[in-house]
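Chain and residue survey
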Amino acid sequence: MVDAVTILAVALLVGGVVGTVAPLVPGGLLSLSGLSLYWWHSGFSDPGTLTVAVLALLAVMTMIAEFFGGSIAARAGGASWTTTTIATVVAIVLMIVTGPLGLLAGLFGTVFLVEFVQGGDAGGSVRSAAYATGGMLASTAIQVLLTVTVLLGFLVAVFVF
C-alpha cells in the first residue's frame, strides 16, 4: 500500500518536471524536496544512500542550470556582466507580464540593445543575444532531462528494487 508521504514525494518529483518549463517554479528544488521527503520518511534507508546521492546531485545540477544557464550562455556569446544582469531583470519582468514568449523576446532584445549601445557592433550584439536566448532554451531542455531522470530513477529505485 502506498502512503500519503509517498504520494506527496512523487507529486513533488512530478512538480519538479513541470516546474522546469513553468515560469518561476523551481523544478530542481521540487525534485530535491520530493527525494528528501521520501528518504526521510523511510528512515534514511530506502532508496540506498548511493542512489539518493546520485539523484540529489542531478537535482542540484538542475538548480545550477536553472539559475546560471542563461548567464553562462550570454557570457559565452560575449555579453558583459552588466548586459547579463540587465537582461535577466527585464526578462523576468516581461515573463511575469507576458509569459514565456515575453521572456525570450525580452532577453534577446535587451542583450542586443545593451551590447549595441556599449559596443556599436550590430553583428556582435546579435551573436550575444542569440547565445543568451539559445542558452536559455538549452538550459530548459537540460532541466527537463535532469528532472525526468530524477523522477524515473526514484520510481525505479523505490517501486522496482
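Identification of the protein as DUF456 domain-containing protein from Haloterrigena gelatinilytica is taken from an unreviewed UniProt entry.

1. Some remarks on the nonpolar core
Of all hydrophobic cores here, the largest spans 16 residues; its most connected members are Leu 13, Leu 35, Tyr 38, Leu 55, Leu 58, Val 150 and Phe 154. For this core, the secondary-structure elements that each account for two or more residues are helix H1 (4-19), helix H2 (27-41), helix H3 (49-76) and helix H6 (122-160). Among the elements that line this core, the one with the most residues is H6, at five residues. If we ignore the near neighbours within four places in the chain, the residues touching Leu 13 are Leu 30, Ser 31, Gly 34, Leu 35, Val 150, Leu 151 and Phe 154. If you look at the next biggest cluster of nonpolar residues, it comprises 10 residues, including Ala 79, Ala 87, Met 95 and Val 111.

2. Examining the packing of H1 against H6
Where H1 meets H6, the axes come as close as 8 Å, and the angle between the chain directions of the two elements is 155 degrees. As judged from the angle between their axes, H1 and H6 are roughly antiparallel. Between H1 and H6 lies a crossing whose hand is left-handed. Counting all contacts with H1, which are made through Thr 6, Val 10, Leu 13, Val 14, Gly 16 and Val 17, the residues of H6 involved are Thr 147, Val 148, Val 150, Leu 151, Phe 154, Leu 155 and Phe 159. The class makeup of the residues in the contact of H1 with H6 is 10 nonpolar, three polar and no charged.

3. Overview of the UniProt feature "transmembrane region" (unreviewed entry) in the protein
The UniProt entry lists residues 50-74, 86-114 and 134-160 under the feature "transmembrane region" (unreviewed entry), expressed in the numbering used here. Split by type, residues 50-74 is 100% helix and 0% strand. Its first and last C-alpha atoms lie 35 Å apart. The distance from the first to the last C-alpha atom of residues 134-160 is 38 Å, and the span holds 100% helix and 0% strand.

4. Thoughts on the packing of aromatic side chains
Counted according to the given criterion, the structure contains three aromatic pairs. Consider the rings of Tyr 38 and Phe 154, whose centres lie 5.1 Å apart with planes at 90 degrees: the pair is edge-to-face. Here Tyr 38 is found in helix H2, whereas its partner Phe 154 is found in helix H6, with 116 residues between them in sequence. Each member of the pair, Tyr 38 as well as Phe 154, carries the same accessibility label: buried. On the numbers, 5.1 Å between centres and 85 degrees between planes, the contact of Trp 39 with Phe 44 is edge-to-face.

Definitions and limits used
- Residues numbered from 1 in each chain as written.
- Predicted model: local features only at pLDDT ≥ 70, side-chain atom pairs only at ≥ 80, totals over all residues.
- Heavy atoms only, no water.
- Core = buried A, V, L, I, M, F, W, Y, C linked by side-chain atoms within 4.5 Å.
- Buried < 20%, exposed > 50% of the residue type's maximum accessible area, 1.4 Å probe, protein only.
- Helix = DSSP H or I, 4+ residues; strand = E, 2+ residues; numbered from the N terminus.
- Contact = heavy atoms within 4.5 Å.
- Axes fitted to C-alpha atoms, helices over the stretch in contact; angles between N-to-C directions.
- Parallel < 35°, antiparallel > 145°, perpendicular 65-115°, else oblique.
- Left-handed = near helix turned anticlockwise from the far one by under 90°.
- Nonpolar A, V, L, I, M, F, W, Y, C, P; charged D, E, K, R; others polar.
- UniProt positions renumbered as here; feature names shortened; annotations may be inferred.
- Phe/Tyr/Trp six-rings, centres within 6.5 Å; stacked < 30°, edge-to-face > 60°.

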